[in-house]
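Spelled out, the chains give:
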Amino acid sequence: MPTNIELTQPIGRFAPSPTGELHLGSLTTALASFCHIKSLGGKWLLRIEDTDTERCDRQFTEQILIDLEALGLNWDDDVIFQSERIDIYNDYVSSVLSPLTYGCQCSRKRLEHYWTQQEQKIALNDVKLSTDLSINDNRKVDSDLQPNRQRYPRFCIEEDLSPIQHKLRIQLPDYCIGFNDGIQGIQWDNPQQTLGDMVARRQDGMINYILAASLDDGLQQVTHIMRGLDILPMTTAQISIMQAARLPTINHWYHLPLICNSDGQKLSKQNLAQPIDTRHPSKLLAYALKLLGQLPVEHDSPERMLNQAIAQWDNTPLQGRQSLNVPTI
């Protein structure tokens, strides 16, 4: 498993993408990461992940900052905006990460056609196998054996295409990487088998989320990452990118259970989760802490409530949980 020398002061971060306002799911992530890192005497950094210029909006960024301040979630150091760091990411992909990258001209249509053909071949093989088996044969046809559409078939890896004029892919290692998650336990994954050769930079120059996050976490010397469980499948890719970029890797990972509504759906901007209302910040903090399974705090100013929450922060109620259902206020 990757290890790294512990820095004197723990460093955590909250890294929202301003494609909408904060909702209860993103609030609990911010609150948990803040209380946890502060309970360790650490710094809490704020990074705005706004590389997706098509979906991100400056007004959402401003509202996120307003909401965090209203709740007393005050960050350390200056806010970092990824949209202002594109040159840094491009420097890495053209230098230290260059041996792992290659240009790709495959369209979504071409890949869709390829994967459809592969699935049809598997379906035909299943039919053939089932007819070949005798009636008394108890063996079962594995109809669930489907190709992984996220794993790029490497059509362009030997084409020597221009990385400037085409999208840029990065090769992820084809071996298992393990790490200890402080909430979800020991994790093992093969990033090549799970994600394949990821698009690191689109043809229009937009930088991939996990590439930018990996580089920034290393450059900011982040030691503790607490984020949503939906990002867990990308973690071994992040570890491998940080190692390839010769940046310090993360010592402590924590993937929080997803916040779900009464129908079991994850709260997200995609399913129109309601933005938080910070007009009553103390009430909102108490609600979010209850959702995170923390001990009650006295109803007071946000600052005093957070101080109490930090003093009694405990990951135990979250351990092994995949989801948390929104309780009734």
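Here, every reference points to the structure presented above.
About the thresholds
- Residues numbered from 1 in each chain as written.
- Predicted model: local features only at pLDDT ≥ 70, side-chain atom pairs only at ≥ 80, totals over all residues.
- Heavy atoms only, no water.
- Phe/Tyr/Trp six-rings, centres within 6.5 Å; stacked < 30°, edge-to-face > 60°.
- Helix = DSSP H or I, 4+ residues; strand = E, 2+ residues; numbered from the N terminus.
- Buried < 20%, exposed > 50% of the residue type's maximum accessible area, 1.4 Å probe, protein only.
- Lys NZ or Arg CZ within 6 Å of the ring centre and 35° of its normal.
- Expected span 1.5 Å × (residues − 1).

## Here's the deal with the packing of aromatic side chains
In total, this model carries seven aromatic pairs according to the counting rule given. Taking 6.1 Å as the distance between ring centres and 10 degrees as the angle between the ring planes, the aromatic pair formed by Phe14 and Trp44 counts as stacked. Taken as a pair, Phe14 in strand S1 (residues 11–14) and Trp44 in strand S2 (residues 43–48) lie far apart in primary sequence, 30 residues in all. The exposure class of Phe14 is buried, given its relative accessible area of 5%. On the accessibility criterion, Trp44 (0% relative accessible area) is buried. Between the aromatic rings of Phe179 and Trp253, the centroid separation amounts to 5.9 Å while the plane-to-plane angle is 55 degrees, which identifies the pairing as tilted. In this pair, Phe179 sits in strand S6 (residues 177–181) while Trp253 sits in strand S10 (residues 252–256), placing the two residues 74 residues apart along the sequence. Each member of the pair, Phe179 as well as Trp253, is classed as buried. Across the ring face of Phe155, the terminal group of Arg110 is positioned such that the distance to the ring centre comes to 4.2 Å. One Lys or Arg, Arg169, reaches over the ring of Tyr152 and ends 3.8 Å from the middle of that ring.

## Digging into helix H1 (residues 24–39)
In this model, H1 (16 residues) spans 22 Å end to end at C-alpha, consistent with the 22 Å of a helix rising 1.5 Å per residue. For H1, the buried fraction is high: 14 of the 16 residues fall into the buried class. Phi turns positive one or two residues past the end of H1, at Gly41, with a value near 75 degrees.

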